[in-house]
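Breakdown of the fold
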Amino acid sequence: MSENQATEERVLPLLVRPSAEGDVPAMLAIYEHHIRQGEPDLDAQFAMPEPLHDEDLKRRRKNMLRRRLPHLVAERGNMVVGYAYAVPFRKRPAYRYAVKHSIYVHPGHLHSGVGRALLPALVEACAEAGYRQMFAYVDASNVASRSLHEAFGFRLVGVLEGVGLKFGRWTDSLLLQRPLGAGADSPPDYSRTT
Ligand SMILES: CC(C)(COP(=O)(O)OP(=O)(O)OC[C@H]1O[C@@H](n2cnc3c(N)ncnc32)[C@H](O)[C@@H]1OP(=O)(O)O)[C@@H](O)C(=O)NCCC(=O)NCCS
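Report on the accompanying structure. Treat the numbers as computed from the prediction; the structure is a model and nothing was measured. (Residues numbered from 1 in each chain as written. Predicted model: local features only at pLDDT ≥ 70, side-chain atom pairs only at ≥ 80, totals over all residues.)

Some words on the site of the ligand
- Taken together, 24 residues lie near the ligand, and Val105, Gly115, Arg116, Ala144 and Ser147 sit nearest.
- Those elements that provide at least two residues to the shell around the ligand are β4 (98–105), α4 (114–128), β5 (133–139) and α5 (143–151).
- Element by element, the count of residues in the shell around the ligand is highest for α5, at six residues.
- Partitioned by chemical class, the residues of the shell around the ligand number 13 nonpolar, eight polar and three charged. (Near = placed C-beta within 6 Å. Helix = DSSP H or I, 4+ residues; strand = E, 2+ residues; numbered from the N terminus. Nonpolar A, V, L, I, M, F, W, Y, C, P; charged D, E, K, R; others polar.)

If you want it as structure tokens, here you go:
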């Protein structure tokens, strides 16, 4: 792809939609780029014993959808340029109204509005599914992610010190949180999430 072509593509309109199984290879390519580049992200904070494969991602995606957890992609000019999904915050039933999420943007489309399109769509989908609290773990050096989350109502609620090891250095993680819907101000709709 030429530089001009990449620049032209960055201004095409974005479509955010639920992911489909056919999106998995594109999502995997985006994920692997960030892992290889050592971008500060949640999974990269821990040594991964095995690379992630298509089948792993397909299985994870199906598990999430079965549990009504949103799994979204952003498309630009028929190309997947980012994805975002939520998983349970903790497995124990008491935490069933809380989710944590991940968001990844294609390296050729960073800082061109993809995160700004995906994150509020994910927040809305999680609220719509009945979840009440949403969390993100963000590496302390990840200015882009922290700014993006703060722009959409997440606030810093904790610092996990020295929790990651990257390139031989201990790193801190920030815990960011935002309420969904009525948050903790009213009981949940018990029929919505399991
Ligand atoms: C973090 C990430 C999702 C942001 O997505 P993005 O599409 O690049 O962000 P956007 O273009 O929508 O920008 C939204 C806001 O994020 C912040 N931001 C994005 N890139 C930034 C950068 N390079 N430096 C500082 N702030 C940045 C800004 O506040 C920006 O608002 P602005 O456009 O008014 O300046 C993206 O950088 C990414 O995928 N990074 C690698 C993986 C990762 O770290 N995921 C998050 C794990 S918690």
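Some thoughts on the nonpolar core
- Counting 31 residues, the largest nonpolar core has Leu72, Tyr83, Ala84, Leu118, Leu122 and Cys126 as the members making the most contacts within it.
- Ranked by the residues each element gives to this core, the list is headed by α4, at eight residues.
- By size, the runner-up hydrophobic cluster in this structure holds six residues, among which are Tyr137, Val138, Leu174 and Leu176. (Core = buried A, V, L, I, M, F, W, Y, C linked by C-beta atoms within 7 Å. Buried ≥ 20, exposed ≤ 12 C-beta atoms within 10 Å, placed from the backbone.)

Some remarks on unusual backbone geometry
- At Asn78, a position not held by glycine, the phi torsion is positive, near 65 degrees.
- Relative to the elements of secondary structure, Asn78 occurs in the loop between β2 (71–76) and β3 (79–88).
- Positioned with a positive phi, His111 is a non-glycine residue whose angle comes to about 50 degrees.
- Following the sequence through the fold, His111 ends up in the loop between β4 and α4.
- Here His111 falls in the exposed class, since 11 other C-beta atoms lie within 10 Å of it.

So, the packing of helix α2 (residues 24–36) against helix α3 (residues 54–66)
- Viewed as axis vectors pointing N to C, α2 and α3 meet at an angle of 110 degrees, and their least axial separation amounts to 10 Å. Between α2 and α3, the crossing angle belongs to the class labelled roughly perpendicular. Contacts between α2 and α3 pair Val24, Pro25, Met27 and Leu28 from the former with Asp54, Leu57, Lys58 and Arg61 from the latter.
- Its residues assigned to classes, the contact of α2 with α3 shows five nonpolar, no polar and three charged. (Axes fitted to C-alpha atoms, helices over the stretch in contact; angles between N-to-C directions. Parallel < 35°, antiparallel > 145°, perpendicular 65-115°, else oblique. Contact = placed C-beta atoms within 7 Å.)

Some thoughts on the pairing of β3
- β3 sits mainly inside the fold: seven of its 10 residues count as buried.
- In this structure, β2 lies alongside β3, joined through six bridges in antiparallel fashion. Each residue of the ladder has a partner; that of His71, found in β3, is Tyr85.
- A loop of two residues connects β2 with β3, the two strands running antiparallel in sequence, and Gly77 in this loop sits at a positive phi of about 55 degrees.
- With seven bridges connecting them, β3 and β4 associate as antiparallel partners. The residue of β4 that forms the bridge with Ala86 is His101. (Pairing = 2+ DSSP bridges.)

Observations concerning the environment of Gly164
- Position of Gly164 relative to the elements: it lies in strand β6 (residues 155–166).
- For Gly164, a count of 19 C-beta atoms within 10 Å translates into the label partly exposed.
- Put simply, Gly164 and Asp139 are 25 residues apart on the chain and 8.5 Å apart in space, counted from C-alpha to C-alpha.

Things to note about α5
- Within α5, burial applies to Ser145, Leu148 and His149. Buried residues of α5, seen end-on, are gathered within an arc of 95 degrees and therefore sit on one face of the element. Facing away from the buried side of α5 by over 90 degrees, the exposed positions are Val143, Ser147 and Ala151.
- Tucked into the core, α5 has its buried residues touching α4, β5 and β7 (169–179).
- Gly153 sits one or two positions beyond α5 and adopts a positive phi of about 90 degrees. (Arc of directions from axis to C-beta.)

Shape is all these values report; function is a separate question.
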